[in-house]
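# Structural characterization, general
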Amino acid sequence: MKIVVCVKQVPATTAEKRYTSELRLDRAATEAVINPLDEYAIEQALRLKEGGVVDEVVYLSMGPDSASEALRRSLAMGGDGGVLVTDPALAGADEWVTARVLAAALDKLAPEVSLMGMASDDARGSLVPGAVAAIRGVPLLAYGSELRLTDGAAQIRRLNPTGFDLLEAPLPVVASVTDQVGEPRYASLKGIMAARRMELTTWALADLGLDPADLAPLTRVVAADPPPAKPPAQVISGVAPDEAASRVADWLAERKLIA
Amino acid sequence: MADVAFLAEFVDGHPTRSALELAAGAAELAAAAGGGAVGLAYGPGAADGAAGLGAAGAARVVVLGSEAAPAVTIAGPLVEAVRDAGLVAVLAPATPDGRDLSGVLVGSLGLPGFGPVRAVRMEGGAVRCEMSTLQGAMITASQPAPSAPATSVVLVSSGTYAPSEGGSGTAVVSQAPAADSPQAKVRIVETAAEAAAIAALEEAEIIVAGGRGVGSEAGFEALNQLAAVLGGVVGASRAAADAGWVPYQLQIGQTGKVVKPALYLAVGISGAIQHRVGMQAAEHIVAINRDPDAPIGEFADLFVVGDLFEIVPRLTAEIERRKGA
Ligand SMILES: Cc1cc2nc3c(=O)[nH]c(=O)nc-3n(C[C@H](O)[C@H](O)[C@H](O)COP(=O)(O)OP(=O)(O)OC[C@H]3O[C@@H](n4cnc5c(N)ncnc54)[C@H](O)[C@@H]3O)c2cc1C
């Protein structure tokens, strides 16, 4: 059984983010990392491999050449191979374009489970897993706090308003997991060294039978501005707890937040 | 025709709060586009309750499915109801179910997808969506590309619209024809209830949220009492949920709920960026933290530096006293 984990390179959480004059993220100006939520998907896949349920874990990324770094970092955690889809025509890809390209690459890799993180740190739309499932014509099992594989079927444990549901669908599936699957492992030195030596596969759009003319983004950013500055907080400090409580109550009453 | 559709989930024959919010949003956008609001109803009892969406602003309702089943299983009829329907937009809640269905729509029909948005308006016959991106570092506006299909799929954050009661009455209800989809194969094989009743954070006007600083499950009792006198509910950071002091359903943030209350009280929460993205839209933010340098001080409106174990019970007592007076 094979799992392909989709990994995306995103700006580091703490990095300063800038937009270029074309209203695209200025990637040159920001430190790039594996999307933190994808690391949980990697962790889930590696646990299934260690459990003997999965034979092969392959990583798939779409992005510029530099995204190969995300594949190496993923391989340093464990896993068997990496595929980078890169093509100049992909600059400015939106969810639809991304989903088309990932779906075509996944068709070619033909895993039983195509696994993703629940969202990407930068856009947070979570539209790609569902779009990929639809394009590939396979069931979607999203937002799992755990992925289980049984004979011919996949299951995810998914929170509901008061507990959880166990959802099941026949293989192959597209699945996504949350940060509840368990903390991602650190790469070992041995893993880092081995990843450096591994051969990565690189595909251009033509290798996937895709025509750049069919892959125009359907959305475009028309404005990007920093949020309005917030006035500094009013601070209550260095007073006795009774006094602090009374001043908070005054503050709430002034704003009609207590009846 | 320039109708705007919205996903309307039903529970026990009644539309959820998010369905009512989206009905109001769809009605507002449809008015600007010169069309009507169309409800796409699903969930237990949707067929019985569908006409009632008229009061919330819908002109028509299409029932996609009326059974208790994973939301994604209505994908087949949903895609057929949206295909060639001349819709300007389909509004979906920015919840896991709403995202699943929106993703399937985007992929099945090749539609532009947006979200989660904090404001939408019509501009030049298409939606213009305002989003907080890059974890709040930027406010961006996006539109469909000129060559894109006319229907946009828009994930709408809860609290973006207030439900309206001024609708014109009953909506015209029709049943979507059955349509097959790979998503129909998803089924629930087990359901477990872990907590008796968990308040809907997305609907709460007042949230008292606790973090690692609260220290224990017992520590949350003081927060429950404060929430009770305020008429609010309790929420939590991931650290508190990870520690098992509260169920994950109470987690607020990037991988938890996104909330928009009138008042957010952050107690013993440092204000990490992943927490911040779930609550920064609150109207008023009050933080209680013993560390004067905690990052939450940078975006709170009122920052109380002190020990939560000393302040919270006194604040509860003080509010109680004022209410009694
Ligand atoms: C991929 C990913 C996703 C994440 N998603 C989320 C998410 O959705 N939601 C979320 O919340 N976090 C999320 N996190 C975790 C986040 O980064 C922080 O670790 C977490 O929010 C910290 O929780 P906290 O503020 O309760 O704890 P801490 O950061 O430990 O802060 C505790 C605070 O309590 C204060 N304190 C301690 N004792 C007292 C006292 N007696 N009186 C007053 N103050 C006291 C301390 O000064 C401190 O500021 C995510 C992380 C990752 C990597």
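Attention in this report is confined to the structure presented alongside it. Computed from a predicted model, the values in this text were never measured in an experiment. (Residues numbered from 1 in each chain as written. Chains lettered and ligands numbered in written order. Predicted model: local features only at pLDDT ≥ 70, side-chain atom pairs only at ≥ 80, totals over all residues. Heavy atoms only, no water.)

Regarding its fold elements, chain B presents eight helices and 16 strands. Here the C-alpha atoms of chain B give a radius of gyration of 21 Å, agreeing with the 20 Å that 2.2 N^0.38 yields for 325 residues. A principal-axis box enclosing the C-alpha atoms of chain B has dimensions of 60 × 40 × 40 Å. In chain B, buried positions account for 57% of the 325 residues. Considering only intrachain contacts with a sequence separation of at least 6, the fraction spanning at least 24 residues in chain B is 63%. Within the structure as shown, chain B displays about 12200 Å² of accessible surface, and the carbon and sulfur contribution to it stands at 50%. Separation between the mean location of the 19 positive side-chain charges and that of the 32 negative ones in chain B comes to 4 Å. (Helix = DSSP H or I, 4+ residues; strand = E, 2+ residues; numbered from the N terminus. Rg over C-alpha atoms; globule rule 2.2 N^0.38 Å. Buried < 20%, exposed > 50% of the residue type's maximum accessible area, 1.4 Å probe, protein only. Contact = heavy atoms within 4.5 Å. Areas by Shrake-Rupley, 256 points an atom, 1.4 Å probe, with all protein chains shown as cover. Lys, Arg positive; Asp, Glu negative; His and termini not counted. Charge placed at Lys NZ, Arg CZ, Asp CG, Glu CD.)

Attention now moves to the sheet that holds strand β13 (residues 233-236) of chain B. To summarise the sheet geometry, strands pair through backbone hydrogen bonds and adopt either a parallel or an antiparallel arrangement. The six strands lie next to each other as β14(A)-β16(B)-β15(B)-β14(B)-β12(B)-β13(B), forming an open sheet whose pairing is parallel. Edge positions in the sheet fall to β14 (234-236) of chain A together with β13 of chain B, since each of these pairs with one other strand and no more. Recorded for the sheet is a direction-independent mean angle of 20 degrees between the axes of neighbouring strands. Pairing between strand β15 (residues 284-289) of chain B and strand β16 (residues 302-305) of chain B: four bridges, direction parallel. If you follow Asn289 of chain B over to β16 of chain B, its bridge partner there is Val305 of chain B. In the packing of helix α6 (residues 241-254) of chain A onto the sheet, contacts are made with β14 of chain A together with β14 (263-267), β15 and β16 of chain B, and the angle to β14 of chain A comes to roughly 155 degrees. Of the strands in this sheet, β14, β15 and β16 of chain B are in contact with helix α8 (residues 308-324) of chain B, which crosses β15 of chain B at around 130 degrees. (Pairing = 2+ DSSP bridges. Axes fitted to C-alpha atoms, helices over the stretch in contact; angles between N-to-C directions.)

All names here are of chain A. Contact pair helix α3 (residues 95-109) / helix α4 (residues 128-136): the axes reach a minimum separation of 9 Å and the direction vectors enclose 50 degrees. As far as their axial angle goes, α4 and α3 are oblique. Our pair here, α3 against α4, has a crossing hand that is right-handed. Of α4, the residues touching α3 (which contributes Glu95, Trp96, Thr98, Ala99, Arg100, Leu102, Ala103, Leu106 and Asp107) are Val128, Ala131, Val132, Ile135 and Arg136. (Parallel < 35°, antiparallel > 145°, perpendicular 65-115°, else oblique. Left-handed = near helix turned anticlockwise from the far one by under 90°.)

The next point concerns the interface of chain B and chain A. On the side of chain A, 79 residues touch chain B, which itself brings 83 residues to the contact. Carbon and sulfur atoms make up 60% of the area that chain B and chain A hide from each other, which totals about 7000 Å². Together, Leu134, Leu302 and Arg322 of chain B form the three largest contributors to the area buried by chain B at its contact with chain A, with a combined 9%. Inspection of the chain B/chain A interface yields nine salt bridges. The partner of Asp97 of chain B in a salt bridge is Arg158 of chain A, with the nearest N and O atoms 2.6 Å apart. For the pair chain B and chain A, the interface holds 33 residue pairs in polar contact (both at pLDDT 80 or more). Split into classes, the residues belonging to the side of chain B that touches chain A amount to 46 nonpolar, 22 polar and 15 charged. (Buried area = accessible area lost by both parts, 1.4 Å probe. Salt bridge = Lys/Arg side-chain N within 4 Å of Asp/Glu carboxyl O. Polar contact = N/O pair within 3.5 Å; in protein donor to acceptor, adjacent residues only side chain to side chain. Nonpolar A, V, L, I, M, F, W, Y, C, P; charged D, E, K, R; others polar.)

All names here are of chain A. Spatially, seven strands are ordered β7-β11-β6-β1-β4-β5-β12 in an open sheet, and the strand pairing comes out parallel. Two strands lie at the open edges of the sheet, namely β7 (140-144) and β12 (200-203), each paired on one side alone. For this sheet, the mean angle separating the axes of adjacent strands, direction not counted, is 20 degrees. The strands that helix α1 (residues 36-50) touches are β1 (2-6), β4 (56-62), β6 (113-117) and β11 (173-177); relative to β6, the one it contacts most, it runs at about 140 degrees.

Okay, the nonpolar core next. In this structure, Val101 and Leu147 of chain A together with Leu40 of chain B are the most contacted members of the largest nonpolar core, which totals 102 residues. Setting aside residues up to four positions removed in sequence, Leu147 of chain A forms contacts with Gln44, Leu48, Val113, Leu115, Ala154, Gln155, Ile156, Ala175 and Val177 of chain A. In terms of nonpolar packing, the next biggest core, distinct from the first, is built from 61 residues, Ala244 of chain A together with Val246, Ile296 and Val305 of chain B among them. (Core = buried A, V, L, I, M, F, W, Y, C linked by side-chain atoms within 4.5 Å.)

For helix α5 (residues 219-230) of chain B, built from twelve residues, the straight-helix expectation of 16 Å at 1.5 Å per residue is met to within 8% by its first-to-last C-alpha distance of 18 Å. For α5 of chain B, the full list of buried residues reads Gly219, Phe220, Leu223, Leu226, Ala227, Val229 and Leu230 of chain B. If you follow the buried residues of α5 of chain B, they end up packed against α6 of chain A together with β12 (206-210), β13, α6 (238-242), β14 and α8 of chain B. Of the residues flanking the end of α5 of chain B, it is Gly231 of chain B, one or two places downstream, whose phi is positive at about 70 degrees. (Expected span 1.5 Å × (residues − 1).)

Remember that the coordinates give geometry; whether it matters functionally is a separate question.
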